[in-house]
Amino acid sequence: MKRKPNPVHFLAAAALTLAGKGGWDSVTPEKLAKAAKAPVKAAAEFLAEPAKTMAGIADFITDETLKDYRHDNGNAPREALFDVTMLRFDMLQRYRAGISALFSAAMRQPRLSCAILRALRPALKNMMHAARIDVSSAAGEFKLAGMGIVYLAAFMAWRRDDTPDLARTMGSLDRRLRQAENIMQNMKHT
């Protein structure tokens, strides 16, 4: 059965596209409504609170990422997490200019920065779940926090990565995931 399209996804995609053209601060309800072919009221509600906006964008990116993800039971957890995270970066690549504009705006707007970080947690939780990594326990919370650090470091590499195949991003992500895996292994032995 085909899933019904989520109207928030159209708003999120349009917001990122508009931000890529004119910066995040140029995204107004009127422009967003026109770009998303949505009512102005829906666009205004989407943009009303940074937390709601960032949650909508994060959910859109996560849903689009997981739509293309197929778990390989032969992969170790680190490999599965690498695969799903790189799919997320491939998705971000489609909206690179808009994501960069959003990041630049967040550096000037603490409320927006907080909203992005708050939206990142459920996104990472969904990615770890897709990679078959349990985060439901206290140890899982630690893994989730560690993945947040890994992801943000890889995101910073992605921002500077101008290679066509995202080789620098892949290298950074792989290194960080290996470091996190080593830390987890060492913690088991103490």
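Residues numbered from 1 in each chain as written. Predicted model: local features only at pLDDT ≥ 70, side-chain atom pairs only at ≥ 80, totals over all residues. Heavy atoms only, no water.

A.B. asks: Quick question: what am I supposed to make of the packing of aromatic side chains here?
C.D. replies: Each pair of aromatic rings is reported with the distance of its centres and the angle of its planes. Following the criterion strictly, the structure yields 5 aromatic pairs and no others. When the ring of Phe-60 is compared with that of Tyr-95, the centres are 5.7 Å apart and the planes differ by 75 degrees; the resulting orientation is edge-to-face. Placement of the pair is Phe-60 in helix α4 (residues 50-67) and Tyr-95 in the loop between α5 (77-94) and α6 (96-108), with a sequence separation of 35 residues. Considered together, Phe-60 and Tyr-95 belong to a single accessibility category, that of buried residues. Ring centres 5.6 Å apart and planes at 50 degrees place the aromatic pair Phe-103 and Phe-155 in the tilted group. Of this pair, Phe-103 sits in helix α6 while Phe-155 sits in helix α8 (residues 138-160), and the two are 52 residues apart along the sequence. By way of ring pairs, the aromatic residues Phe-89, Phe-103, Tyr-151, Phe-155 and Trp-158 are connected into one cluster. One Lys or Arg, Arg-96, reaches over the ring of Trp-158 and ends 4.3 Å from the middle of that ring. (Phe/Tyr/Trp six-rings, centres within 6.5 Å; stacked < 30°, edge-to-face > 60°. Helix = DSSP H or I, 4+ residues; strand = E, 2+ residues; numbered from the N terminus. Buried < 20%, exposed > 50% of the residue type's maximum accessible area, 1.4 Å probe, protein only. Lys NZ or Arg CZ within 6 Å of the ring centre and 35° of its normal.)

A.B. asks: Just to check I follow, could you spell out a nonpolar patch on the surface for this structure?
C.D. replies: Together, Phe-142, Ile-183 and Met-187 make up a nonpolar patch on the protein surface, roughly 290 Å² of accessible area in all. Tracing the sequence through the fold places Phe-142 in helix α8. A relative accessible area of 42% means that Phe-142 is categorised as partly exposed. (Patch = residues over 30% accessible without salt bridge, like charges linked within 9 Å, V, L, I, M, F, W, Y side chains within 5 Å. Areas by Shrake-Rupley, 256 points an atom, 1.4 Å probe, with all protein chains shown as cover. Salt bridge = Lys/Arg side-chain N within 4 Å of Asp/Glu carboxyl O.)

A.B. asks: Just checking my understanding: could you explain the layout of surface pockets for this structure?
C.D. replies: Rolled over the atoms, a probe sized like a water molecule indicates the empty space that remains. Each pocket or cavity is described by its volume, and for the largest pocket that value is around 570 Å³. Together, 21 residues line the largest pocket, and Lys-143, Leu-177, Ala-180, Glu-181 and Met-184 are the ones closest to its centre. Of all the secondary structure elements, the ones that give two or more residues to the lining of the largest pocket are α5, α8 and α9 (167-188). No other element matches α9, which puts 9 residues into the lining of the largest pocket. (1 Å grid on protein atoms, 1.4 Å probe; cavity = no way out; pocket = protein on both sides within 12 Å on 5 of 7 lines; lining within 4 Å. Points joined across faces, edges and corners; volume = space filled by probe spheres on them.)

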